[in-house]
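Secondary and tertiary structure notes
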Amino acid sequence: MLLLSLVLMLLQLGRSCCGLPFYNGFYYEHVMNDKANGNGEVHFNGVKLVVETPDNAIFTFRGANVTLPCHYRYEPKLETPRKIRIKWSKLREDNTKERDVLVAIGLKHRSFGEFRGRVHLRQRGEQEASLVISDLRLQDYGKYRCEVIDGLEDESGIVELELRGVVFPYQPHHGRYRLNFHEAKKACEEQDAVIASFEQLFKSWEEGLDWCNAGWLLDGTVQYPITLSREPCGGKRLAPGIRSYGERHKNLHYFDVFCFSSALKGKVYYLVHPEKLTLEEAKQACQDDGAEIAKVGQLYAAWKFFSLDRCDAGWLADGSIRYPIAFPRPNCGPPEPGVRSFGFPDQGKFGVYCYKLS
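A brief report on the enclosed structure follows. (Residues numbered from 1 in each chain as written. Predicted model: local features only at pLDDT ≥ 70, side-chain atom pairs only at ≥ 80, totals over all residues. Heavy atoms only, no water.)

The helix and strand tally for the protein stands at five helices and 25 strands. Long-range pairs, those at least 24 residues apart, make up 59% of the contacts in the protein with a sequence separation of at least 6. Of the accessible surface of the protein, which amounts to about 20400 Å², a share of 52% is contributed by carbon and sulfur atoms. (Helix = DSSP H or I, 4+ residues; strand = E, 2+ residues; numbered from the N terminus. Contact = heavy atoms within 4.5 Å. Areas by Shrake-Rupley, 256 points an atom, 1.4 Å probe, with all protein chains shown as cover.)

Taken in spatial order, the six strands line up as E4-E13-E12-E7-E8-E9 in an open sheet, and their pairing is mixed. Two strands bound the open sheet, and with one partner strand each, they are strand E4 (58–60) and strand E9 (108–111). The average angle at which neighbouring strand axes cross in this sheet is 20 degrees, direction not considered. As paired elements, E4 and strand E13 (residues 153–163) share three bridges and run parallel to each other. Paired with Thr60 across the two strands is Leu163, which belongs to E13. (Pairing = 2+ DSSP bridges. Axes fitted to C-alpha atoms, helices over the stretch in contact; angles between N-to-C directions.)

Counting across every chain of the model gives 18 salt bridges. Between Glu52 and Arg73 there is a salt bridge, with its nearest N and O atoms 2.2 Å apart. Of the two residues, Glu52 is situated in strand E3 (residues 48–52) and Arg73 in strand E6 (residues 71–75); the sequence distance between them amounts to 21 residues. By relative accessible area, Glu52 is classed as partly exposed at 42%. Judged by its relative accessible area of 28%, Arg73 falls in the partly exposed class. (Salt bridge = Lys/Arg side-chain N within 4 Å of Asp/Glu carboxyl O. Buried < 20%, exposed > 50% of the residue type's maximum accessible area, 1.4 Å probe, protein only.)

Counting buried residues along helix H5 (residues 296–306), eight of its 11 residues qualify, which places the element largely inside the surrounding structure. Within H5, burial applies to Val296, Gly297, Gln298, Leu299, Tyr300, Ala301, Ala302 and Trp303. Residue Ser307 follows H5 closely and has a positive phi angle near 50 degrees.

The next thing to look at is the sheet that holds strand E5 (residues 66–68). Ordered by their spatial adjacency, three strands build an open sheet running E5-E11-E10, and the pairing between neighbours is antiparallel. The open sheet has two free edges, formed respectively by E5 and strand E10 (119–122), since each of these has just one partner strand. When strand polarity is set aside, the average angle formed by the axes of neighbouring strands in this sheet is 30 degrees.

Attention now goes to helix H2 (residues 181–190). Taken as a whole, H2 has its buried residues at Phe181, Ala184, Ala187 and Cys188. Projected down its long axis, H2 carries its buried residues within an arc of 115 degrees, all on one side. At its buried positions, H2 is contacted by strand E14 (165–170), strand E15 (194–195), strand E16 (215–216) and strand E19 (256–262). Looking at where H2 begins, the residue whose side-chain oxygen comes 3.1 Å from the main-chain nitrogen of His182 is Asn180. Phi for Asp192, located one or two positions after H2, is positive at around 60 degrees. (Arc of directions from axis to C-beta. Polar contact = N/O pair within 3.5 Å; in protein donor to acceptor, adjacent residues only side chain to side chain.)

A word on the pairing of strand E17 (residues 221–226). Most of E17 sits out of view: six of its six residues are buried. Neither face of E17 is open: one carries Thr221, Gln223 and Pro225, the other Val222, Tyr224 and Ile226, and all of them are buried. In this sheet, E17 lies alongside E16 in antiparallel orientation, the contact comprising two bridges. Residue pairing across strands places Trp216 opposite Val222, the latter belonging to E17. In this structure, the hairpin formed by E16 and E17 is closed by a connection of four residues, where Gly220 is found at a positive phi of approximately 85 degrees. With six bridges connecting them, E17 and strand E18 (residues 241–247) associate as antiparallel partners. Across the sheet, residue Gln223 finds its bridge partner in E18, namely Ser244.

Moving on, we get to the state of the cysteines. Applying the stated criterion across every chain, the model contains five disulfides. Covalently, Cys70 is tied to Cys146 through a disulfide, its sulfur atoms 2.0 Å apart. An S-S torsion of about -75 degrees defines the bridge between Cys70 and Cys146 as left-handed. One end of the pair, Cys70, is in the loop between E5 and E6; the other, Cys146, is in strand E12 (residues 142–150), and 76 residues separate them in sequence. When sorted by exposure, Cys70 lands in the same class as Cys146, which is buried. Here Cys286 connects covalently by a disulfide to Cys354, the sulfurs 2.0 Å from one another. (Disulfide = S-S within 2.5 Å.)

Don't take any of this as a statement about function, it's just geometry.
Given below as structure tokens:
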């Protein structure tokens, strides 16, 4: 009993010595004078940290440099600067763990993964945390989180980055509905594109895309856009819109895919050649001209952004025969602009579309 009394007396002396507070045996130097509410939120001496990002999406093109704005402030304003940590991350379409993009403390920063060497902070003001991304890639579109961390304070905002591009349906050489989700992603990448998001498909539908074959999207769903209702495509009575099969098994189910491509650094052109060519001859002819045979995504991007218009069917890298029409006219297919396709001929001789870096 005497020993217990001595222990209690020593603890009481410890609490009063030097005026230092005691929390479960641990002294927290930075938060003792801060006010906490019942939810565990800490406001430093009544000061609130606020992070501001734009409400509207940022639009740009592949290959460009872009700044994602982010600013922070304290309410009320602090006279003495605080040492803060800034973290940028990219949200995933399937809501799994975010991808780290950049972290920074003061003048020191570190970038991660495919963003390494392509990102840095723009800090023109004392309370700016904007992210600069150089040489944008197709995979860079999406939502980014700007997070500002001050001790136990942690506030963030979201910036949406959109690439201006073109969505196109794609099926491989071996036919319709032959791709599982992973094969679909690879097929788009092989055509200088990425698998499209639902938002990109929806925007393309608003612009008139109509396609009756179901295709994979980035979120693992299978959907297709219909602007003119008809029997084989959901029925005449069903209103135009995006038809959905919902989420499908990424390994076991097989469909086509919707791909997304954006502006090009180079140019696509029809190679004027004295004679028609087989696929292998076409590849060699482009190489002899200092170029390479064009991919499907490159042809679509050239049609969309540079109004490439040619009424001559030509080989592409995947073995398909296509041609782009920006200005419809008789004997060049349907009355709407688009990239016409002749499928995948096993033999025959045609022209060729080449791609050359500027």
